[in-house]
Amino acid sequence: MESICSFLVCSGLFLAIAMILCLKGKNLGRRTKKLPPGPPGWPIIGNIFDLGTEPHRALQELKLKYGPVLRLRLGSMDTVVIQSAKAAAQLLKNHDASFCDRKPLDVFTCHNYRDGSLAVGRFSPYWRTVRRLCSVEMMTVKRINDTASIRRKCIDQMIRNIEDDTAAANARGVRGEFTPLSLSNGIQRTPNVADFLPFLKWFDPQGLRRNMSRDMARALKIVEGFVKERLEEYKLGNEEKNNKDFLDTLLEFEGDGKDWHEKIPYERIIIIILEMFFAGSETTSAATEWAMAELLRKPEAMRKVKEELNEVVGENRNVEESDIEKLPYLQAVVKEALRLHPSVPLLVPRNTMQDTNFMGYHIAKDTQVFVNAWAIGRDPDSWEDPLTFKPERFLGSNIDYKGQNFELIPFGSGRRICIDSGLFFSLEKIMWASVRRKVLTGSKSASLVLERSFLGTQSNLALSSRSYSIALKEMLPRRSNNSQYVDSRGYLRFPVGSSPVREVISCFRVDPSISILSKAFSSDRPKTSISPSKSSATECQLPPNEGARRVRGD
Ligand code: HEM
C-alpha cells in the first residue's frame, strides 16, 4: 500500500515538473524567436485600452513609436497590425497563403452564420467553392452590365421613397433618421470583449450576441422569403431558363467535383444572399458619402467634376454606366476619397494559418492580423501631401484599388480581396448621375451627420427640417478653411440650393430590398424618430413575387 502511495506521489511530482518545464520551454521558445515590437500590456486585458474609440487612429499613432509591423495582445488574442504599403505587400502578396483565414468571432456563431459566410468564414473548401461561384457567376462584367437598368430604376425608386419620408417627417415636424443596417452596426461599432476574453463568452456582457441573434433572425427570414419564392417559381415552372441569376446558380449547384461535392445547404444559400446585401451596402454608402463630403469641402474639385460631366454627358440626359470610362476626373475623385476614407479602415481581420516568419518576425498560428488601410492611405512615405484631398494626384497615374498597388487597398488584396470593385464603381456612377440633377428647391432641408464608428467611417444619416449641414468630425481640425460653411456647433453647413446632399441621400440604399431590410431593422430602434411612411410601408408589403423579382433584378 505504502509503495503504491509513494509511486503515485512520485508520478504526480514528475508530471508537475514535466509540465512546468514544458511551459517554460514554450515561453523560452517564444522569447528566443523575434516578435514584432509593441507596447507593454496589462495583465489579462493586455492592450485593449490602447485601441481607444478609434482603433485605426490609435494604431497609426503607435506606428510612430513601434514601426509598421506592430504586436498587441488583446486579452488572450495575439494580434499583429500592418501599417505600411511595403509590409502590406509582404503580407497580402508574398505570405497571403499563411494569412488568408478569418478569425472566428463570437457574434457570427449566431444562426451558424459563420458556417455559410464568405466574408467571415474560415478558409476552407466551402469558402473556395462559394468564392469561385461569386467570381464566375456574379461579379462578371456581363452580369454587372446586364443589370445597369435595374440599378437606375432602384435609384429612382429610392429618390421617391426618400422624398416621401422627408415630406412625412417635415409634416410632423420631426427629425427623420435613415440608419444603416443595424446588423452591421452591432458588429462593427463595438468591439466585443468576449472575443478577447473567451471566458466571458457565456455571459455575453455587452449583449452583442443577443442583439445579433435577434437582428440576424429577422434578416434571414426576409431573405428566406426571396429563396422560397424562387423555389415556388421552379415548382410552377415559371422560371426563365435564359435569364438565370446568382440565386438560381446557388440553388442549382450540385458540386464542382473538386472542393464541394453536393448541393449547397438551403440555410447557407440564405446566408450567402444576405451577405451580398450587407457587405455591399454600407461600404458603398460610406464611400459615396465621404466622396460627396470631400467635394462639398472642395468647391474647386466639385466644379471640375461638374464641368467634366457637362462636357461628356451634357445637360439633358442621365449619366450612363458606359460614360464612366470617359470621366477620368470623376474616377480620380472616387479613388482619392477611398484613399482618405476606406470604408473598412482595418480591412476584415485575418487569422494566421500557420507559424510564419514574416519580415524577420515570428508570427504564431492563430494570430489575428489587422491591415490598417486607413493609415496606409495617409502614409507620407507613400503619398505626397497625404492629408490633402487632391484627386489630381491620380490623373495620369496607374495606381488603382484593385489590390495590386499596396498604398491604396480599400478593398483589401490577395485571396480574401473584396469580391467586387466593379459593381461599386457602377453605383458610384449612378451617384454622379444624381449629382447632376437639380437639387430640390424650397425651404425644406436636411442635415447629414457622418459619425465615425469603431471601424471608422460608418455613417449615420439624419434628416432635419432646418438647413443642409454636414458634421464631419474628421474634418473639424481643418474647418477654419471653410469658415463660411461652419456653424456655431462646428458643423459644416450648405445652403439647400447649392448642395447636392439630397441626391447623396438618394443613393444611400443600394437596392429597394436593402431598404426593406434596413427598415425592418430600424423600425424598433429607439433613435429612429421617423416611422415608415406610406411609401416604405407599401414596400414592406410586397406582392408575393416582388421580393424574388427584386433579388433577380427584373
Ligand atoms: C465601396 C465598396 C466596398 C468596399 C470599400 C469593400 C471593402 C471590402 C474589404 C476591405 C474587404 C476585406 C478584404 C480583405 O480581407 O483583404 C471586403 C470583403 C468582401 N466584400 Fe467588399 N467592399 C465593398 C463593396 C462590396 C460589394 C458591393 C459586395 C457584394 C455585392 C462586397 C462583398 C464582399 C465580400 C463577400 C467580401 C469577403 C471576401 C472574402 O473574405 O473572401 N463588397 N470588402
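Residues numbered from 1 in each chain as written. Predicted model: local features only at pLDDT ≥ 70, side-chain atom pairs only at ≥ 80, totals over all residues. Heavy atoms only, no water.

The protein goes by Cytochrome P450 in an unreviewed UniProt entry, where it is assigned to Hevea brasiliensis. Per its UniProt entry, the protein bears the Cofactor (unreviewed entry) comment "heme". (UniProt positions renumbered as here; feature names shortened; annotations may be inferred.)

Draft legend 1. Structural view of helix H2 (residues 55–66). For H2, spanning 12 residues, the distance from its first C-alpha to its last is 16 Å, which sits close to the expected 16 Å at 1.5 Å a residue. Those residues of H2 not exposed but buried are Pro55, His56, Ala58, Leu59, Leu62, Lys63 and Tyr66. The buried side chains of H2 occupy one side of the element, clustering within an arc of 155 degrees when seen end-on. Exposed positions of H2 whose direction lies more than 90 degrees from the buried face are Glu61 and Leu64. Check the buried side of H2 and you find it contacts strand S1 (69–74), strand S2 (77–82), strand S8 (368–371) and helix H15 (373–377). (Helix = DSSP H or I, 4+ residues; strand = E, 2+ residues; numbered from the N terminus. Expected span 1.5 Å × (residues − 1). Buried < 20%, exposed > 50% of the residue type's maximum accessible area, 1.4 Å probe, protein only. Arc of directions from axis to C-beta. Contact = heavy atoms within 4.5 Å.)

Draft legend 2. Region of interest: the packing of aromatic side chains. A complete count under the given rule lists six aromatic pairs for this structure. Above the ring of Trp383, the side-chain terminus of Arg339 is found at 5.2 Å from the ring centroid. (Phe/Tyr/Trp six-rings, centres within 6.5 Å; stacked < 30°, edge-to-face > 60°. Lys NZ or Arg CZ within 6 Å of the ring centre and 35° of its normal.)

Draft legend 3. Here's a closer look at the pattern of salt bridges. Taken as a whole, this structure holds 21 salt bridges when the rule is applied. Here Arg209 ties to Asp106 by a salt bridge, and the two come within 2.8 Å at their closest N and O atoms. Of the two residues, Arg209 is situated in helix H10 (residues 208–236) and Asp106 in the loop between strand S3 (101–102) and helix H4 (113–116); the sequence distance between them amounts to 103 residues. Given a relative accessible area of 5%, Asp106 falls into the buried group. (Salt bridge = Lys/Arg side-chain N within 4 Å of Asp/Glu carboxyl O.)

Draft legend 4. Layout of the nonpolar core. The biggest cluster of nonpolar side chains holds 37 residues, and the ones touching the most others in it are Tyr113, Phe246, Leu250, Ile264, Ile273 and Leu274. Every element with two or more residues in this core is listed here: helix H5 (125–138), H10, helix H11 (246–252) and helix H12 (266–297). One finds Leu295, Leu309, Leu330 and Ala337 within the second-largest nonpolar core, a separate group that totals 28 residues. (Core = buried A, V, L, I, M, F, W, Y, C linked by side-chain atoms within 4.5 Å.)

Draft legend 5. Molecular detail of the pairing of S2. Of all six residues in S2, five are buried, a share of seventy percent or more. One ladder, built from six bridges, connects S1 with S2; its direction is antiparallel. Of the residues in S2, the one forming a bridge with Leu72 is Thr79. If you look at the hairpin formed by S1 and S2, you'll find two residues sitting between the two strands, and Gly75 has a positive phi there, around 60 degrees. (Pairing = 2+ DSSP bridges.)

Draft legend 6. Main features of the state of the cysteines. Taken as a whole and judged by the stated rule, the model has zero disulfides. Here Cys100 is not disulfide-linked; the sulfur of Cys134 is the nearest cysteine sulfur, at 16 Å. Of the residues examined, Cys100 reaches a relative accessible area of 0% and is grouped as buried. (Disulfide = S-S within 2.5 Å.)

Draft legend 7. Geometry of the site of the ligand. In the vicinity of the ligand there are 26 residues, among which Arg102, Arg131, Arg350, Arg416 and Cys418 approach most closely. A distance of 2.7 Å is found between an oxygen atom of the ligand and a side-chain nitrogen or oxygen belonging to Arg350. Among the elements of the structure, H5 and H12 are those that each provide at least two residues to the shell around the ligand. Of the residues assigned to the shell around the ligand, the class counts are 15 nonpolar, six polar and five charged. (Near = heavy atom within 4 Å. Polar contact = N/O pair within 3.5 Å; in protein donor to acceptor, adjacent residues only side chain to side chain. Nonpolar A, V, L, I, M, F, W, Y, C, P; charged D, E, K, R; others polar.)

Draft legend 8. Representation of the side chain of Ser98 within the structure. You can see Ser98 is positioned in the loop between helix H3 (85–94) and S3. By relative accessible area, which is 8% here, Ser98 ends up buried. If near-sequence neighbours (up to four positions away) are discounted, Ser98 is found in contact with Asn351, Thr352, Met353, Gln354 and Thr356.

Draft legend 9. Quick look at unusual backbone geometry. Phi is positive for Asp204, which is not a glycine, with a value near 45 degrees. By the secondary structure assignment, Asp204 is in the loop between helix H9 (193–196) and H10. At Asp385, a position not held by glycine, the phi torsion is positive, near 50 degrees. With respect to the helices and strands, the residue Asp385 is situated in the loop between H15 and helix H16 (422–436).

Draft legend 10. Spotlight on the packing of helix H13 (residues 299–312) against helix H14 (residues 328–340). Two elements in contact, H13 and H14, have axes separated by 8 Å at closest approach and are oriented at 140 degrees. For the element pair H13 / H14, the angle class is oblique. On H14, the residues that touch Ala301, Lys304, Val305, Glu308 and Leu309 of H13 are Pro328, Tyr329, Leu330 and Val333. For the contact of H13 with H14, the per-class residue count stands at seven nonpolar, no polar and two charged. (Axes fitted to C-alpha atoms, helices over the stretch in contact; angles between N-to-C directions. Parallel < 35°, antiparallel > 145°, perpendicular 65-115°, else oblique.)

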